[in-house]
Each structure stands twice: as structure tokens, then as C-alpha cells.
Amino acid sequence: MKEREYRVVARKERFANNMFRVVTDDVEMPGERVVARDYMVHIGAVGVVAVDESERVVLVRQYRHPVGRHLWELPAGLIDVAGEALDVAALRELEEETDLTAGRLDLLADVHTSPGCSNEVIRLFLARDLRDVPHDRRHVRRDEEAGMITRRFDLDDAVGMALRGEITNAACLVGVLAAARLRDEGWTIRRDKDDPLPRGPLAAVS
């Protein structure tokens, strides 16, 4: 099926920082009507579903100011180091946030977290063969991360948390449910770690 292309005829940047930009696009709709669409252009992120030898998943609890509450989440972080491979970034975030490293990383899923207002995509990796990071290599956590709690949950218990509304972070929901399904299928990996990240270039202005 051929999908219609939506042509961007003008763009205005409203705000920019080191994590995202807010832009307004004038977009030609079906019937040639032009409407304004505001959205956030995000640099992207990686997350880690770390599962230990007892099939427990490692989650972190962190304060998130936009929602004004603490959330159960995956170890995760921005794609903000130039030239860093995504699996390397994921392993770095796992080490920094949980004091754990992994002997194996596999691509699990890609998540557009809120495509109605942002192009943000987070790539999720499955981490196995978990080991402690030596004390002299551990990251000093600051700000919201300073009060971060790390816990291991039986994977089925984490699925229950998701279904009861105790996990609401989108990437964590996808990661926990995908890992549980993958476990039920014998941990059969379907994707290559080098698959391109599905965010694409920002649409060109015509």
C-alpha cells in the first residue's frame, strides 16, 4: 500500500537545548490544506532490560519532575556521546545507574515514546550475564540519580506490575513485556544489533 507523503512547506524553531528542539512545521495535508504541527526533535536514547541468571529484571526507581513522581524504569540514558555505538552507550548507562555490567547485549526493541508530539526513539537492549562493576570504576550519581533505588524483580512479577499500572514508563513497559515473551520463546533473538535506528532524518522543507 502506498502511503501519502506529507509535505513540509515551512519550519520555525521555537526552542533548543542539548537534548531536544521544539519546532513548528507547516504541513500540507490531503486536499492541499496546510496546518501547523508543533513537536519536539529529540536526540534519542538507549535503555537496558538486564535479566540475571534467576530471570529477575533490574529496575531503577527515579524521580521524574514533569510527572512529579517516582517511576520504575529501565537503566537508560541519552545518545549524547558523539560516535559512540548504541550498544556501548547502553552498557555505559547500565554500569552508571546500577553498578552492573553485562557479558552479552542483544537488540530487543525500538520504542517511539510519544509520536504524537515528539520524534524521540529509545533503543532497548537485552543484557545477560550480569556482573558487578568493580568499586574503583563505579559512577558517582548526582541530582535525581543520587536518590535512585535499584531492585531486581522476578520477570513475571514485573509483568504483573505493568498490568496493574505500577509501571507506567513506556520504555519499561515495552522492555519488560518483550523480555517475558522472549523468555517464553527460549530467548531467541530476532534482530541484529546494527539495525538502523528508526528515527530517520527530520523531514525536509520543500
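Residues numbered from 1 in each chain as written. Predicted model: local features only at pLDDT ≥ 70, side-chain atom pairs only at ≥ 80, totals over all residues. Heavy atoms only, no water.

**Student:** Can you help me understand the overall build of the chain in this one?
**Tutor:** Across its full length, the chain holds three helices and ten strands. Ordered by position from N to C terminus, the α and β elements of the chain give β-β-β-β-β-β-β-α-β-β-β-α-α. With respect to the three principal axes, the spread of C-alpha positions in the chain is 55 × 40 × 35 Å. Taken across its 206 residues, the chain has 41% of its residues classed as buried. Relative to all contacts within the chain whose residues are 6 or more apart in sequence, the contacts with residues 24 or more apart total 61%. In the structure as shown, the chain presents an accessible area of about 11,700 Å², 49% of it carried by carbon and sulfur atoms. Distance from the positive charge centre (31 side chains) to the negative charge centre (38 side chains) of the chain: 3 Å. (Helix = DSSP H or I, 4+ residues; strand = E, 2+ residues; numbered from the N terminus. Buried < 20%, exposed > 50% of the residue type's maximum accessible area, 1.4 Å probe, protein only. Contact = heavy atoms within 4.5 Å. Areas by Shrake-Rupley, 256 points an atom, 1.4 Å probe, with all protein chains shown as cover. Lys, Arg positive; Asp, Glu negative; His and termini not counted. Charge placed at Lys NZ, Arg CZ, Asp CG, Glu CD.)

**Student:** Sorry, what's going on with the sheet that holds strand β8 (residues 100–112) here?
**Tutor:** Whenever strands of a sheet pair, they do so through backbone hydrogen bonds, lying parallel or antiparallel. Pairing is mixed in the open sheet, where four strands are placed in the order β7-β4-β9-β8. At either end of the open sheet lies a strand with only one pairing partner, and these are β7 (76–78) and β8. In this sheet, adjacent strand axes meet at a mean angle of 25 degrees when their direction is disregarded. Here β8 pairs with strand β9 (residues 121–132) via eleven bridges, running antiparallel. By the bridge assignment for β9, Ala102 is matched with Leu130. Strands β4 (45–50), β7, β8 and β9 of the sheet are contacted by helix α1 (residues 86–98), whose axis makes an angle of about 115 degrees with β8. (Pairing = 2+ DSSP bridges. Axes fitted to C-alpha atoms, helices over the stretch in contact; angles between N-to-C directions.)

**Student:** What is the right way to read the side chain of Asp52 from this model?
**Tutor:** In this structure, Asp52 sits in the loop between β4 and β5 (56–64). For Asp52, a relative accessible area of 1% puts it in the buried group. Side chain to side chain, Asp52 and Arg152 meet in a polar contact 3.0 Å long. (Polar contact = N/O pair within 3.5 Å; in protein donor to acceptor, adjacent residues only side chain to side chain.)

**Student:** Is there a simple way to think about the layout of surface pockets in this case?
**Tutor:** In this approach a probe as big as a water molecule rolls over the atoms, and the regions it shows empty are the leftover space. Its volume calculated, the largest pocket comes out at about 1,200 Å³. Along the wall of the largest pocket there are 36 residues; nearest its centre are Met19, Arg64, Glu73, Leu78 and Glu120. Counting residues per element, the ones that place at least two in the lining of the largest pocket are β3 (34–42), β5, β6 (69–73), β7, α1 and α3 (170–184). With four residues, the top contributor of residues to the lining of the largest pocket is α1. (1 Å grid on protein atoms, 1.4 Å probe; cavity = no way out; pocket = protein on both sides within 12 Å on 5 of 7 lines; lining within 4 Å. Points joined across faces, edges and corners; volume = space filled by probe spheres on them.)

**Student:** Can you walk me through the sheet that holds strand β10 (residues 149–154) in this structure?
**Tutor:** Spatial ordering of the open sheet is given by β6-β5-β10, a layout of three strands whose pairing is antiparallel. In this open sheet, the two strands that pair with only one neighbour each are β6 and β10. Adjacent strand axes in the sheet meet at a mean angle of 30 degrees, parallel and antiparallel pairs treated alike. Alignment of β5 against β10, held across six bridges, turns out to be antiparallel. By the bridge assignment, Val58 is partnered in β10 with Arg152. Sheet strands touched by helix α2 (residues 155–163): β5, β6 and β10. Its angle to β10, the strand with the most contacts, is close to 105 degrees.

**Student:** How should I be thinking about α2 in this particular structure?
**Tutor:** Since the α-helix turns once every 3.6 residues, residues separated by three or four places project in the same direction. Buried within α2 are the following residues: Leu155, Ala158, Val159, Gly160, Met161 and Ala162. If you follow the buried residues of α2, they end up packed against β5, β6, β10 and α3. Backbone geometry just after α2 places Gly165 at a positive phi near 85 degrees.

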